[in-house]
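# Observations on the three-dimensional arrangement
Listed below, chain by chain, are the residues.
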Amino acid sequence: VTPTVPEADLVFEKTRRFPQCWEFFEQDGNVVDPFPAFVATERLERLAGCGVEARTTLSDGAQVIAWGTTEDPTTRARDLRIAVWEKDGKLRWSHTLDRSRQAPNWLANYRRSFVTELPEHLCAGTLWEGDTQVLCASRASGEVSWQGSLPFWAGIDPLPGNGGLIVADLSALTQRYPFDGSEMRHRRLEALGGRSGYYSTDGKRLYFAPSRSDSPPLVAYDLQTFEEVWRVQLPASPKAQLAHAFGKFKRLLVQIESTLFALDSERGKVVWAYDIGDDVPSIASDATTLYVLSRRAKSPNRLVAIDPANGKRKWVAEPPTGTLHVLTVDDVLFVGSVRAMQRVTKPDEASDGQ
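A short tour of the structure in this document, coming up.

### Section: the overall build of the chain
Across its full length, the chain holds four helices and 31 strands. Its C-alpha atoms give the chain a radius of gyration of 21 Å, within 12% of the compact-globule value 20 Å for 354 residues. Projecting the C-alpha coordinates of the chain onto the three principal axes gives extents of approximately 60 × 50 × 40 Å. The long-range share in the chain, meaning contacts at least 24 apart out of those at least 6 apart in sequence, stands at 44%. A total accessible area of about 16,100 Å² is found for the chain, and carbon and sulfur atoms account for 47% of it.

### Focus on the state of the cysteines
Inspection of the entire model under this criterion finds two disulfides. Each sulfur in the disulfide pair Cys21 and Cys50 lies 1.9 Å from the other. In this structure the cystine formed by Cys21 and Cys50 twists about its S-S bond by roughly 70°; its chirality is therefore right-handed. Here Cys50 lies in the loop between α2 (43–49) and β5 (54–57) and Cys21 lies in helix α1 (residues 21–25), a separation of 29 residues in the sequence. In this model Cys123 forms its disulfide with Cys136; the gap between the sulfur atoms is 2.1 Å.

### Brief notes about the environment of Gly51
Mapped onto the secondary structure, Gly51 falls in the loop between α2 and β5. What makes Gly51 partly exposed here is its relative accessible area of 35%. When the C-alpha atoms of Gly51 and Ala66 are compared, they prove to be 9.5 Å apart, with 15 residues separating the residues in sequence.

### Remarks on unusual backbone geometry
Between Asp33 and the following residue, Pro34, the backbone shows a cis peptide bond with an omega angle of 10°. Along the chain, Pro34 turns up in the loop between β4 (30–31) and α2. Positive phi, close to 55°, is recorded for Asn162, a residue that is not glycine. On the secondary structure map, Asn162 appears in the loop between β13 (159–161) and β14 (164–168). Its identity as a non-glycine residue notwithstanding, Phe226 has a phi of 70°, on the positive side. Looking at the element boundaries, Phe226 is found in the loop between β19 (217–222) and β20 (228–233). Residue Phe226 is classed as buried on the basis of its relative accessible area, which comes to 4%.

### Observations regarding the side chain of Arg176
With respect to the secondary-structure elements, Arg176 resides in strand β15 (residues 172–176). Side chain to side chain, Arg176 and Thr174 meet in a polar contact 3.3 Å long. A distance of 3.2 Å separates a polar side-chain atom of Arg176 from the backbone oxygen of Gly181.

### Some points on the sheet that holds strand β28 (residues 313–317)
Strand order across the open sheet formed by four strands is β25-β26-β27-β28, with antiparallel pairing between neighbours. Of all the strands in the sheet, the pair left with one neighbour each is β25 (282–285) and β28. If you compare each strand with its neighbour and ignore which way they point, the axes differ by 20° on average. Strand direction decides the pairing type here: β25 and strand β26 (residues 290–294), joined by four bridges, are antiparallel. Paired with Ala284 across the strands is Tyr291, a residue of β26.

### Digging into the sheet that holds strand β8 (residues 91–97)
Here four strands make up an open sheet; going across it, the order is β5-β6-β7-β8 and the pairing antiparallel. Two strands bound the open sheet, and with one partner strand each, they are β5 and β8. Direction aside, the axes of adjacent strands within the sheet are offset by 10° on average. Pairing geometry for strand β7 (residues 80–85) and β8, over six bridges, is antiparallel. Bridge pairing in β8 places Leu80 opposite Leu97.

### Some points on the environment of Asp307
Examined against the element boundaries, Asp307 turns out to sit in the loop between β27 (302–306) and β28. On a C-alpha basis, the gap between Asp307 and Thr288 in space is 7.2 Å, while along the polypeptide they are 19 residues apart. The residues touching Asp307, leaving out its near neighbours within four places in the chain, are Trp272, Lys312 and Lys314. At 2.9 Å, the side chain of Asp307 forms a polar contact with the backbone nitrogen of Ala309.

Cut-off values and rules
Residues numbered from 1 in each chain as written. Predicted model: local features only at pLDDT ≥ 70, side-chain atom pairs only at ≥ 80, totals over all residues. Heavy atoms only, no water. Helix = DSSP H or I, 4+ residues; strand = E, 2+ residues; numbered from the N terminus. Rg over C-alpha atoms; globule rule 2.2 N^0.38 Å. Contact = heavy atoms within 4.5 Å. Areas by Shrake-Rupley, 256 points an atom, 1.4 Å probe, with all protein chains shown as cover. Disulfide = S-S within 2.5 Å. Buried < 20%, exposed > 50% of the residue type's maximum accessible area, 1.4 Å probe, protein only. Polar contact = N/O pair within 3.5 Å; in protein donor to acceptor, adjacent residues only side chain to side chain. Pairing = 2+ DSSP bridges. Axes fitted to C-alpha atoms, helices over the stretch in contact; angles between N-to-C directions.

By themselves, these observations are geometric and do not establish any function.
Quick look at the structure:
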């Protein structure tokens, strides 16, 4: 660590492990109404630690949370419960997505879940190794317009675009109707992607680098027009496991070997870079800062706060032993291991007396 980077005296609260989401979002098999009256100081901790699979706030202020129901003890399979609560906490509607067909290979096939807001619809579902499972319903009434599977591996969570769902698969960008999943538009990608390809999005563009190339191009595609915006030649293949694009910062993060590069997402130019080691770090952000948790085999892990504009390291700290990831919930910083979470008081919060 550069000596000029200040060591932060962070306050790590006591490690806590909260119940699983279904234990307080459900009662007798039904979604609770109204929204659970958590103790104010515990609301964010519970959302960070219960295993929420996807979450968003709609344009009208309603909040959407998707979580796994009670698991099958033999396969660990869970259905996906999707609930929408009004700003005042009243339950608007909920649905359950049946994921039992994935039970035989649950641990191998599950990737992550998503929630996507469209002008009139809300779509949610799960990305699997073999396909993409989707449920779309009226945002206002909850009436289901379509549910089914898109028969392809998806590189990004489905996004809204021109009234449909925008998805990127192994070889193409497509737009899908939220009423039946059929294809509206198609644009072939530069080359094949897949698990070793680089896919990242800030909701405005897809940033893609194909697999099976020692020096692939990194291409930005506009998600409304599907047109290429820019491309740069990379010196080596980026690590597919690290794919972050931050529209609020206009920054795209790419890790090549042991270096983390930040590119200007508008132009594709490298803005800053620094050595973080060979392991893929855990990364989170709040309104002004990137937090990078570097996990190192022969020395203590380190948590670094970075100014996304210029790469300046605001502070560095040593997180508790066993810390595996960093995340933010409503701009509050947490570190954790699996579902055991610790809330972090940052230097600016401490100075403000919070």
